[in-house]
Protein chains: 2
Amino acid sequence: MADNSADRTAAAPGEPPLEEQIAAYQREFQDLDPQVEKVVSALSRLNRRMNVAYSRQTADLGISNAEWEVLKALVLSGAPYRMGPGELAKRLGLTPAAMTHRIDRMVAEGLVTRERDESNRVRVIVEVTPVGREKWLDAMRLASVFEEDLLQDLSSGERHTLGELLTRLLIRVEHAQPDAGGRLTDLD
Amino acid sequence: MADNSADRTAAAPGEPPLEEQIAAYQREFQDLDPQVEKVVSALSRLNRRMNVAYSRQTADLGISNAEWEVLKALVLSGAPYRMGPGELAKRLGLTPAAMTHRIDRMVAEGLVTRERDESNRVRVIVEVTPVGREKWLDAMRLASVFEEDLLQDLSSGERHTLGELLTRLLIRVEHAQPDAGGRLTDLD
DNA sequence: AACCTAAAGTTCGAAGCTAAACATTACATC
DNA sequence: GATGTAATGTTTAGCTTCGAACTTTAGGTT
């Protein structure tokens, strides 16, 4: 039921210190900018650790990370907290097939309901139940404490700087499509 | 063979703009610092996009991301590029069972070899083949171009700042263990 | 030496995902 | 109105992972 897949990484990080890893990269692959690699490696590690933390928290609440993601998409869509499986799948980066199964489970657990859209009978409407909404809130409370702790050592100015820099990277990947060679090219 | 799981996200990002998502969080969950949420959301999205890019690249080379990760761990360990399944599993955050299967596949594809350690016959030694090493190098060449492009809009100073800020976050998660309440506490 | 315990991998069964084939419904065009 | 086509979900088969049970080897204890 709960997605504890990441607990393993939690128990045994097993990775060498970041500096050491950068050095290893330099040793095995010379034409690599250490500054770039540092950013990229830190990003990916950080994300892995965060996911481990989230997994642990949602597991404590008796739901999986996967289920939390669905609840998140539904709740953030605003009242009345409904969405079709197709759009949910797109939002979460899943295949429609996976979404069908996930919704099956969540319906069985009482987190969401599924009904046909009578105005267009091909469509299906997934809606968060009060229980599901409460679970999402519980998870958010835990997550916000963790996130606040994570950024604790950064001043408000540093947080702002970090947010801006990350946003600029994000804009670059989101507003660009890789060309044939995998290179990012601007769209405008 | 190739892990194209993430291509789906690539084709259909489907997520609302970051600003919009932050606003939705504010609407549905008031006690949340928007500055914190911006950093966290950007981090997680950025990572997802990067993984999509890496998946596409490794798929082009005829290997999966999963296999690339194994090659990475082996090569970065330094010559003679060997490691036991157990340590590999720890390094990648997998169960030993998953590692066994992954190595099965990679042996079949000629990326690594597997042999018993004769000095301690419980142990097994996984070693990168020349083909595997070449694949890793190919993947690194693609990855480094992508990463350089990703950071293109940032000045050298900004890259440095970003690296330092991320490293500080990383140190906070890596050198701390969550206490009973999931809060991060210093170890020293 | 015989036994216990720990460590390292593998095997087994269940869960969750993907891709592809398959319904079902809506809608445009004839 | 009949038919072709696109859109939306579901079903099916196969793959990868996990957790847990199991096998083999090493090393300490009596």
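Summary of the structure given here. (Residues numbered from 1 in each chain as written. Chains lettered and ligands numbered in written order. Predicted model: local features only at pLDDT ≥ 70, side-chain atom pairs only at ≥ 80, totals over all residues. Heavy atoms only, no water.)

## Focus on helix 5 (residues 85-92) of chain B
Residues and elements named next belong to chain B. Burial in helix 5 covers these residues: P85, L88, A89 and L92. Taken end-on, helix 5 shows its buried residues confined to a sector of 100 degrees, consistent with a single buried face. Looking one or two residues past helix 5, G93 carries a phi angle of roughly 70 degrees, positive in sign. (Buried < 20%, exposed > 50% of the residue type's maximum accessible area, 1.4 Å probe, protein only. Helix = DSSP H or I, 4+ residues; strand = E, 2+ residues; numbered from the N terminus. Arc of directions from axis to C-beta.)

## Observations regarding the protein's contact with DNA strand C
Surrounding DNA strand C, one finds 22 residues, the nearest of these being A:T95, A:A98, A:R102, A:R105 and B:G86. Protein-proximal atoms of DNA strand C, defined as those within 4 Å of the protein, fall in sugar or phosphate at a share of 80%. Within the side chain of B:T100, an N or O atom sits 2.9 Å from a phosphate oxygen of DNA strand C. Within the contact set of DNA strand C, a phosphate oxygen lies 3.3 Å away from a side-chain nitrogen or oxygen of B:R114. Mapped by element, the contributors of at least two residues to the surface near DNA strand C are helix 6 (96-108) of chain A together with helix 5 and helix 6 (96-108) of chain B. Here the residues of the surface near DNA strand C sort into nine nonpolar, eight polar and five charged. (Near = heavy atom within 4 Å. Polar contact = N/O pair within 3.5 Å; in protein donor to acceptor, adjacent residues only side chain to side chain. Nonpolar A, V, L, I, M, F, W, Y, C, P; charged D, E, K, R; others polar.)

## Section: the protein's contact with DNA strand D
Neighbouring DNA strand D are 23 residues; A:G86, B:T95, B:A98, B:R102 and B:R105 lie closest to it. Close to the protein, within 4 Å, the atoms of DNA strand D belong to sugar or phosphate groups at a rate of 77%. Note that a phosphate oxygen of DNA strand D is positioned 3.4 Å from one of the backbone N or O atoms of A:V124. Within the backbone of B:R121, a nitrogen or oxygen atom sits 3.3 Å from a phosphate oxygen of DNA strand D. Among the secondary structure elements, those contributing two or more residues to the surface near DNA strand D are helix 5 (85-92) and helix 6 of chain A together with helix 6 of chain B. Tallying contributions element by element places helix 6 of chain B first for the surface near DNA strand D, with five residues. Of the residues contributing to the surface near DNA strand D, the split by class is nine nonpolar, nine polar and five charged.

## Here's the deal with the sheet that holds strand 3 (residues 124-128) of chain A
What links the strands of a sheet is backbone hydrogen bonding, and the strands pair in either a parallel or an antiparallel sense. Residues and elements named next belong to chain A. Across the sheet, three strands lie side by side as 1-3-2; this open sheet has antiparallel pairing. Only two strands of the sheet have a single partner each, and these edge strands are strand 1 (82-83) and strand 2 (112-116). Looking at chain direction, strand 1 and strand 3 are connected through two bridges and run antiparallel. Across the sheet, M83 pairs through a bridge with V126, a residue of strand 3. (Pairing = 2+ DSSP bridges.)

## Regarding the pattern of salt bridges
Taken as a whole, this structure holds 38 salt bridges over all chains when the rule is applied. Across the salt bridge formed by A:E134 and A:R141, the nearest N and O atoms sit 4.0 Å from each other. Linking B:R102 and B:E69 is a salt bridge whose minimum nitrogen-to-oxygen distance equals 3.8 Å. Of the two residues, B:R102 is situated in helix 6 and B:E69 in helix 4 (residues 65-76); the sequence distance between them amounts to 33 residues. The class for B:E69 is partly exposed, based on a relative accessible area of 32%. Salt bridges sharing common partners tie together A:E15, A:R45, A:R48, A:R49 and B:E174. (Salt bridge = Lys/Arg side-chain N within 4 Å of Asp/Glu carboxyl O.)

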